[in-house]
Amino acid sequence: MIKNEDLNDLLIIAGSDNYPKIILEAARKFGIKNIHVIAFKGETKKRNLNLADNISWINVGELQKMLNILTQLDFKYGMMVGQISPKNIFSMKLDDKAKNLLSSLSILNAHTIFKKIVYEIESTGIKILPANYFINECIPSAGVLTKRDATKDEYENLKIGTNFIKSNSNFDVGQTVVMKSGYIVAVEAMEGTNKTILRAKRLAGKNLTVVKVPKINHDFRFDIPVVGIKTIHSLIKTKATCLGIEADSTVVLNLDKVLELANKHNIAIVSLETNT
């Protein structure tokens, strides 16, 4: 952890959803005095940026413009938080810098692209911090989080799902696998966790086990496993019975409310020690 006195200014590159708001609140609580946000038109919600001192709005794909802003700021530390809608990957207009970045990659996936973007950002002198830097209290350690523990069959599902995600790390597929009776029902692609769970319900019905864990050598600077109230609502809607996450790496937003809701619907949530 960086000392408070060494972290007065913070750059936040903010995507969609409410995660940027949570990080802004946590950064202020930490004592950050000056926060500059780079936000994306059509993606970032302005209402989530009320605690920012300054906001620079750019289009998705304007990499050179973003790097120019970073150079002018002369900040030491930054974070990348929130998502970019998958549809923008195929429809965004790229500047020459972004085109050259993509053409330099032999493998195109989220990991390789964002890792290269981090490299470009850090070449301006800004160190990118893990996207969970200020919210350790939202990251559970290993153990059963709910009143109900997982059953023997659910634990077997969790084991198979976790092994599948870890063993397929090189393909940079999503972090979520949905299991039933030892079978892999659905694997997350670009649609996100909640839609993956709903797809699994259409395929296999109720009594699903959901596994959400990061891949091996996961880069937490730009991709954090996150679950929250919306995740639990998806489990309730599909009548899923168990959720497994990885200990000490998964952010659980509104943890108390998540557990209250899970307990009400007899859903087991287990924070797994995966040893990876």
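Just so it is clear, the model here is predicted, and its values are computed rather than measured. (Residues numbered from 1 in each chain as written. Predicted model: local features only at pLDDT ≥ 70, side-chain atom pairs only at ≥ 80, totals over all residues. Heavy atoms only, no water.)

1. With respect to the overall build of the protein chain
Along the protein chain, the regular secondary structure elements total nine helices and 13 strands. Against the 2.2 N^0.38 benchmark of 19 Å for 276 residues, the protein chain shows a C-alpha radius of gyration of 19 Å, consistent with a compact globule. For the C-alpha atoms alone, the extent of the protein chain along its principal axes is close to 55 × 40 × 35 Å. Burial analysis of the protein chain (276 residues in total) assigns 49% to the buried set. Contacts spanning at least 24 positions in sequence make up 74% of the contacts within the protein chain whose residues lie at least 6 apart. On the protein chain, roughly 14,000 Å² of surface is accessible, and the fraction owed to carbon and sulfur atoms is 50%. For the protein chain, the distance from the average site of its 37 positive side-chain charges to the average site of its 28 negative ones is 7 Å. (Helix = DSSP H or I, 4+ residues; strand = E, 2+ residues; numbered from the N terminus. Rg over C-alpha atoms; globule rule 2.2 N^0.38 Å. Buried < 20%, exposed > 50% of the residue type's maximum accessible area, 1.4 Å probe, protein only. Contact = heavy atoms within 4.5 Å. Areas by Shrake-Rupley, 256 points an atom, 1.4 Å probe, with all protein chains shown as cover. Lys, Arg positive; Asp, Glu negative; His and termini not counted. Charge placed at Lys NZ, Arg CZ, Asp CG, Glu CD.)

2. Side note on the nonpolar core
Most often, soluble globular proteins keep nonpolar side chains buried together rather than apart. Counting residues in each nonpolar core, the largest one holds 29 residues, and the members touching the most others are Leu-10, Ile-12, Tyr-19, Val-37 and Phe-134. Put simply, the parts of the chain that give this core at least two residues each are β1 (9–14), α1 (19–30), β2 (34–40) and β4 (77–81). Sort the elements by how many residues they give to this core and α1 lands first, with six residues. When sequence neighbours within four positions are dropped, the list of residues in contact with Leu-10 reads Ala-27, Ile-32, Asn-34, Ile-35, His-36, Phe-75, Tyr-77, Gly-78, Met-79, Leu-129 and Phe-134. Leu-63, Ala-98, Val-118 and Ile-121 belong to the second-largest nonpolar core, a separate cluster that totals 23 residues. (Core = buried A, V, L, I, M, F, W, Y, C linked by side-chain atoms within 4.5 Å.)

3. Quick look at empty space enclosed by the protein
If you roll a probe as big as a water molecule over the atoms, it shows you where there is empty space left. Throughout the structure, instances matching the rule amount to two cavities of 30 Å³ or more. Computed from the structure, the largest cavity encloses a volume of approximately 60 Å³. Lining the largest cavity are Phe-164, Ile-165, Asn-168, Ser-169, Val-173, Gly-174, Val-187 and Lys-215. Each residue belonging to the lining of the largest cavity can be placed in one class, and the counts come to four nonpolar, three polar and one charged. (1 Å grid on protein atoms, 1.4 Å probe; cavity = no way out; pocket = protein on both sides within 12 Å on 5 of 7 lines; lining within 4 Å. Points joined across faces, edges and corners; volume = space filled by probe spheres on them. Nonpolar A, V, L, I, M, F, W, Y, C, P; charged D, E, K, R; others polar.)

4. Looking at the packing of aromatic side chains
Tallied over the full model, the rule gives three aromatic pairs. Pairing Phe-114 with Phe-222 gives two aromatic rings, centres 5.8 Å apart and planes at 25 degrees, and the pair type is stacked. Note that Phe-114 is positioned in helix α5 (residues 110–122) and Phe-222 in the loop between β9 (209–212) and β10 (226–227), a separation of 108 residues in sequence. Between Tyr-133 and Phe-134, the ring centres sit 5.0 Å apart and the planes meet at 85 degrees, which makes this aromatic pair edge-to-face. The exposure class of Phe-134 is buried, given its relative accessible area of 9%. Through successive ring pairs, a cluster of aromatic residues spans Phe-30, Tyr-133 and Phe-134. (Phe/Tyr/Trp six-rings, centres within 6.5 Å; stacked < 30°, edge-to-face > 60°.)

5. What about the sheet that holds strand β6 (residues 143–144)?
Within the open sheet, the six strands sit side by side as β6-β13-β11-β9-β7-β8. Their pairing is mixed. This sheet does not close on itself; its edge strands, each paired only once, are β6 and β8 (183–187). Across four bridges, β9 lies against strand β11 (residues 242–246) in parallel orientation. Bridge assignment links Thr-209 to a residue of β11, and that residue is Cys-242. (Pairing = 2+ DSSP bridges.)

6. Topic: the pattern of salt bridges
Per the counting criterion, the structure on display carries seven salt bridges. Residue Lys-97 is joined to Glu-120 by a salt bridge in which the shortest nitrogen-to-oxygen separation is 3.4 Å. Placement of the pair is Lys-97 in helix α4 (residues 96–103) and Glu-120 in helix α5, with a sequence separation of 23 residues. Among the salt bridges present, the one from Glu-122 reaches Arg-221, with a minimum N-O distance of 3.7 Å. Of this pair, Glu-122 sits in helix α5 while Arg-221 is found in the loop between β9 and β10, placing the two residues 99 residues apart along the sequence. Three or more residues joined by partner-sharing salt bridges are found here, namely Glu-122, Asp-219 and Arg-221. (Salt bridge = Lys/Arg side-chain N within 4 Å of Asp/Glu carboxyl O.)

7. Points about the side chain of Ser-234
Among the secondary structure elements, Ser-234 is positioned in helix α8 (residues 229–238). Residue class for Ser-234 comes out buried when judged on its relative accessible area of 8%. Reaching out from Ser-234, the side chain makes a polar contact with the side chain of Asn-194 at a distance of 3.2 Å. Here Ser-234 is in contact with Asn-194 and Ile-197, once residues within four sequence places are set aside. (Polar contact = N/O pair within 3.5 Å; in protein donor to acceptor, adjacent residues only side chain to side chain.)

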